[in-house]
Amino acid sequence: MKKDTYIQLLEKPELISQEHLSDITTIVQEYPYFQSARALRLKVLKNQESYKYNNELKITASHTSDRTVLFDFITSEAFKKTPKKEEKTSLKDKILPKKKTTKVSVIEEDLAIGKPLSFTEKETFSFNQWLQLSSKKAIVRTSDNKVPNKQQQEAPVKSEHEAIIDRFIETTPKISRPSKTNTADIKVSENQQNNQLATETLAKVYLEQKKYDSAIQAYKILSLKYPEKSGFFADQIKRIQILQNNK
């Protein structure tokens, strides 16, 4: 890929298309710590609504030194803007043979399982939950840019995740400590916090992680927050319960 083309895509990521994927992937393979190239690859996968996107988001985050920058990018209007879809067979359809449609597969499609997660700028908690549950290992850069040895690869990512969560906590309004411990007040505060954090994206995050009980709880909270959509949320809960019974 020419340098001018690459710079143009960085400035206007909405211009990126399928034809750029091969070149960008080559750059990522040659320079695995090239953060902007990984971000552009995410954009292509998002445009395609690829089933690879969600996992690629975790991988990109593990290669990103400041994940707030990544979050700002994936919640930007330029990232969300997608070109008009063309009717064509996906790579997944070409590789996998057509199978008989089952009740579970229909439900998974209705729940949009496998579809790219779409975060808003206010959903830092949902984003952190998705990354927090990742099993990826920390990236240890060596002075000569060689692949880290096995011992280095096994280093946990706990400190990075804690840093993200700490930043979230710092920007969240603090609840003043009462003079006397009151369990009723604590439960109310926890419920209020859950009500604030619950979003449809968070419910989908839990679904992708197969945390069905958490997804159901999120939809129950959303049903109370948005009674006009309670019917839709009730249907989602029923679908999740069917998945639970068939797993």
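Here the structure is a predicted model, which is why all the values come from computation and not from measurement. (Residues numbered from 1 in each chain as written. Predicted model: local features only at pLDDT ≥ 70, side-chain atom pairs only at ≥ 80, totals over all residues. Heavy atoms only, no water.)

## Things to note about the overall build of the chain
Phase 1: Scanning the chain from N- to C-terminus turns up 15 helices and zero strands.
Phase 2: Restricting to contacts in the chain with at least 6 residues of sequence separation, those with at least 24 account for 66%.
Phase 3: As displayed, the chain has an accessible area near 16,500 Å², and 50% of this comes from carbon and sulfur atoms. (Helix = DSSP H or I, 4+ residues; strand = E, 2+ residues; numbered from the N terminus. Contact = heavy atoms within 4.5 Å. Areas by Shrake-Rupley, 256 points an atom, 1.4 Å probe, with all protein chains shown as cover.)

## Quick look at the packing of helix 13 (residues 200–208) against helix 14 (residues 212–225)
Phase 1: Closest axis-to-axis distance for the helix 13/helix 14 pair is 7 Å, and the angle between their directions is 165 degrees. With respect to their mutual orientation, helix 13 and helix 14 come out roughly antiparallel. Here helix 13 and helix 14 pass one another in a crossing that is left-handed. In this structure, helix 13 contributes Glu200, Ala203, Lys204, Tyr206 and Leu207 to the contact, and helix 14 contributes Tyr212, Ser214, Ala215, Ala218, Tyr219 and Leu222.
Phase 2: Looking at the contact of helix 13 with helix 14 residue by residue, the class counts come to eight nonpolar, one polar and two charged. (Axes fitted to C-alpha atoms, helices over the stretch in contact; angles between N-to-C directions. Parallel < 35°, antiparallel > 145°, perpendicular 65-115°, else oblique. Left-handed = near helix turned anticlockwise from the far one by under 90°. Nonpolar A, V, L, I, M, F, W, Y, C, P; charged D, E, K, R; others polar.)

## Let's talk about the confidence of the model for the chain
Phase 1: On average, residues of the chain carry a pLDDT of 75, and 66% of them reach 70 or more.
Phase 2: Across residues 86–98, where pLDDT falls below 50, the model places five contacts with residues more than four positions away in sequence or in other chains.
Phase 3: Across residues 133–148, confidence stays below pLDDT 50; counting only partners more than four residues off in sequence or on other chains, it has 33 contacts. (pLDDT = per-residue confidence, 0-100.)

## A short note on helix 2 (residues 21–30)
Phase 1: Every buried residue belonging to helix 2 is among Leu21, Ile24, Thr25, Ile27 and Val28, and all of these are buried. The arc enclosing the buried residues of helix 2, seen along the axis, measures out at 155 degrees, which places them on a common side. In helix 2, the exposed positions angled more than 90 degrees off the buried face are occupied by Ser22, Gln29 and Glu30.
Phase 2: Elements in contact with the buried residues of helix 2: helix 1 (3–11) and helix 3 (35–48). (Buried < 20%, exposed > 50% of the residue type's maximum accessible area, 1.4 Å probe, protein only. Arc of directions from axis to C-beta.)

## Things to note about the pattern of salt bridges
Phase 1: Applying the stated criterion across every chain yields a total of five salt bridges.
Phase 2: Lysine 115 is paired through a salt bridge with glutamate 49; the nearest N and O atoms lie 3.8 Å apart. Remark: glutamate 49 occurs in the loop between helix 3 and helix 4 (53–62) and lysine 115 occurs in the loop between helix 8 (103–110) and helix 9 (124–132); sequence separation between them is 66 residues.
Phase 3: We classify lysine 115 as partly exposed; its relative accessible area is 42%. (Salt bridge = Lys/Arg side-chain N within 4 Å of Asp/Glu carboxyl O.)

## Here we look at the environment of alanine 198
Phase 1: With respect to the element layout, alanine 198 can be found in the loop between helix 12 (183–197) and helix 13.
Phase 2: Classification of alanine 198 by relative accessible area gives buried; the value is 3%.
Phase 3: Linking alanine 198 and glutamate 123, residues 75 residues apart in sequence, is a C-alpha distance of 9.2 Å.

## A few points about the packing of helix 2 against helix 3
Phase 1: At their nearest, the axes of helix 2 and helix 3 sit 9 Å apart, and the two run at 145 degrees to each other. Handedness of the helix 2/helix 3 crossing: left-handed. Of the residues in helix 3, those in contact with Leu21, Ile24, Thr25, Ile27 and Val28 of helix 2 are Ala37, Arg38, Leu40, Arg41, Val44 and Gln48.

## A short note on the packing of aromatic side chains
Phase 1: Taken as a whole and judged by the stated rule, the model has seven aromatic pairs.
Phase 2: Relative to phenylalanine 233, the ring of tyrosine 219 has its centre 5.8 Å away and its plane inclined at 35 degrees; by these criteria the two rings are tilted. Within this pair, whereas tyrosine 219 is found in helix 14, its partner phenylalanine 233 is found in helix 15 (residues 230–246), the two being separated by 14 residues in sequence.
Phase 3: The buried category is assigned to tyrosine 219, whose relative accessible area is 0%. (Phe/Tyr/Trp six-rings, centres within 6.5 Å; stacked < 30°, edge-to-face > 60°.)

## Quick look at a negative patch on the surface
Phase 1: A cluster of acidic side chains, namely Asp66, Asp72, Glu77 and Glu121, defines a negative patch on the protein surface.
Phase 2: Mapping aspartate 72 onto the fold places it in helix 5 (residues 67–74). (Patch = residues over 30% accessible without salt bridge, like charges linked within 9 Å, V, L, I, M, F, W, Y side chains within 5 Å. Lys, Arg positive; Asp, Glu negative; His and termini not counted. Charge placed at Lys NZ, Arg CZ, Asp CG, Glu CD.)

## Here we look at unusual backbone geometry
Phase 1: Phi at alanine 112 takes a positive value of approximately 60 degrees, unusual for a residue other than glycine.
Phase 2: Relative to the elements of secondary structure, alanine 112 occurs in the loop between helix 8 and helix 9.
Phase 3: Take alanine 112: its relative accessible area is 22%, and that puts it in the partly exposed class.
Phase 4: Phi is positive for lysine 210, close to 60 degrees, though the residue is something other than glycine.
Phase 5: Its place among the elements puts lysine 210 in the loop between helix 13 and helix 14.

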